[in-house]
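Summary of the model geometry
Here is what each chain is made of, one letter per residue.
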Amino acid sequence: QVQVVESGGGLVQAGGSLRLSCAASGRIFGIHAIGWYRQAPGKQRELVAHISSAGSTNYADSVKGRFTISRDNAKNTVLLQMNSLKPEDAAVYYCNVVLGGPFSPQGSYWGQGTQVTVSS
């Protein structure tokens, strides 16, 4: 069993910054990738940023240049640095941890989500 815990959400003014953290623990032998997703009220969940165990990253077009995803493999932790936040960034942000090797994803685990609110 694997536990995934997000933290760092809160209220910030437009143009401000937040840093989210995702920590995985439990029966982990390897992590294939970790992704950050977000879901705003009335909308579908969307991929925000993704990082592989090798460190390769990708971002949604809407956050490129503003958000940065990074990792600490030894601690099974991933950070999402969010700068220049916009009201449209407001959502519940979820961390998804995919277990397995670089070429062998085995299963994924979701965190409970952390709320990000951006005021005008």
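Description of the structure in this document. Please read all numbers here as calculations on a predicted model, not as lab measurements.

1. Digging into the overall build of the protein chain
- Check the secondary structure of the protein chain and you find 0 helices and 11 strands.
- Listing the helices and strands of the protein chain from first to last along the sequence gives β-β-β-β-β-β-β-β-β-β-β.
- Relative to its length of 120 residues, the protein chain is compact, with a C-alpha radius of gyration of 14 Å against a globular reference of 14 Å.
- Along the first, second and third principal axes, the C-alpha atoms of the protein chain reach 45 × 25 × 25 Å.
- When the 120 residues of the protein chain are sorted by exposure, 42% land in the buried category.
- Put simply, of all contacts in the protein chain between residues at least 6 apart along the chain, 54% involve residues at least 24 apart.
- For the protein chain, the computed accessible surface area is about 6,400 Å², with 49% contributed by carbon and sulfur atoms.
- Of the side-chain charges in the protein chain, 10 are positive and 6 negative, and the distance between the mean point of each set is 4 Å.

2. Some words on the state of the cysteines
- A complete count under the given rule lists 1 disulfide for this structure.
- The disulfide partner of Cys-22 is Cys-95, and the S-S distance across this bridge is 1.9 Å. Handedness of the Cys-22-Cys-95 disulfide follows from its S-S torsion of about -75 degrees: it is left-handed. Residue Cys-22 is found in strand β3 (residues 18-26), and its partner Cys-95 is found in strand β9 (residues 91-101); the two are separated by 73 residues along the sequence.

3. Brief notes about the packing of aromatic side chains
- Scanning the entire structure with this criterion turns up 1 aromatic pair.
- Lying over the aromatic face of Tyr-94, Arg-45 brings its terminal NZ or CZ to 3.8 Å of the ring centre.
- The cationic tip of Arg-45 hangs over the ring face of Trp-110; the distance from NZ or CZ to the ring centre is 4.7 Å.

4. Observations regarding unusual backbone geometry
- Unlike most non-glycine residues, Ser-84 shows phi in positive territory, near 50 degrees.
- Within the secondary structure, Ser-84 sits in the loop between β8 (77-82) and β9.

5. Remarks on the nonpolar core
- The biggest cluster of nonpolar side chains holds 31 residues, and the ones touching the most others in it are Trp-36, Leu-80, Met-82, Tyr-93 and Val-97.
- Here the element with the most residues in this core is β9; it accounts for 5 residues.

6. Notes on the pattern of salt bridges
- Considering all chains together, one arrives at 4 salt bridges under this definition.
- Ionic pairing is found between Asp-89 and Arg-66, a salt bridge with its closest N-O pair at 2.7 Å. Separated by 23 residues along the polypeptide, Asp-89 in the loop between β8 and β9 and Arg-66 in the loop between β6 (57-59) and β7 (67-72) bring together distant segments of the chain. Across the pair, exposure class does not vary: Asp-89 and Arg-66 are buried alike.
- Salt bridges linked by common partners bring Arg-38, Glu-46, Arg-66 and Asp-89 together as one network.

Cut-offs used in this document
- Residues numbered from 1 in each chain as written.
- Predicted model: local features only at pLDDT ≥ 70, side-chain atom pairs only at ≥ 80, totals over all residues.
- Heavy atoms only, no water.
- Helix = DSSP H or I, 4+ residues; strand = E, 2+ residues; numbered from the N terminus.
- Rg over C-alpha atoms; globule rule 2.2 N^0.38 Å.
- Buried < 20%, exposed > 50% of the residue type's maximum accessible area, 1.4 Å probe, protein only.
- Contact = heavy atoms within 4.5 Å.
- Areas by Shrake-Rupley, 256 points an atom, 1.4 Å probe, with all protein chains shown as cover.
- Lys, Arg positive; Asp, Glu negative; His and termini not counted.
- Charge placed at Lys NZ, Arg CZ, Asp CG, Glu CD.
- Disulfide = S-S within 2.5 Å.
- Phe/Tyr/Trp six-rings, centres within 6.5 Å; stacked < 30°, edge-to-face > 60°.
- Lys NZ or Arg CZ within 6 Å of the ring centre and 35° of its normal.
- Core = buried A, V, L, I, M, F, W, Y, C linked by side-chain atoms within 4.5 Å.
- Salt bridge = Lys/Arg side-chain N within 4 Å of Asp/Glu carboxyl O.

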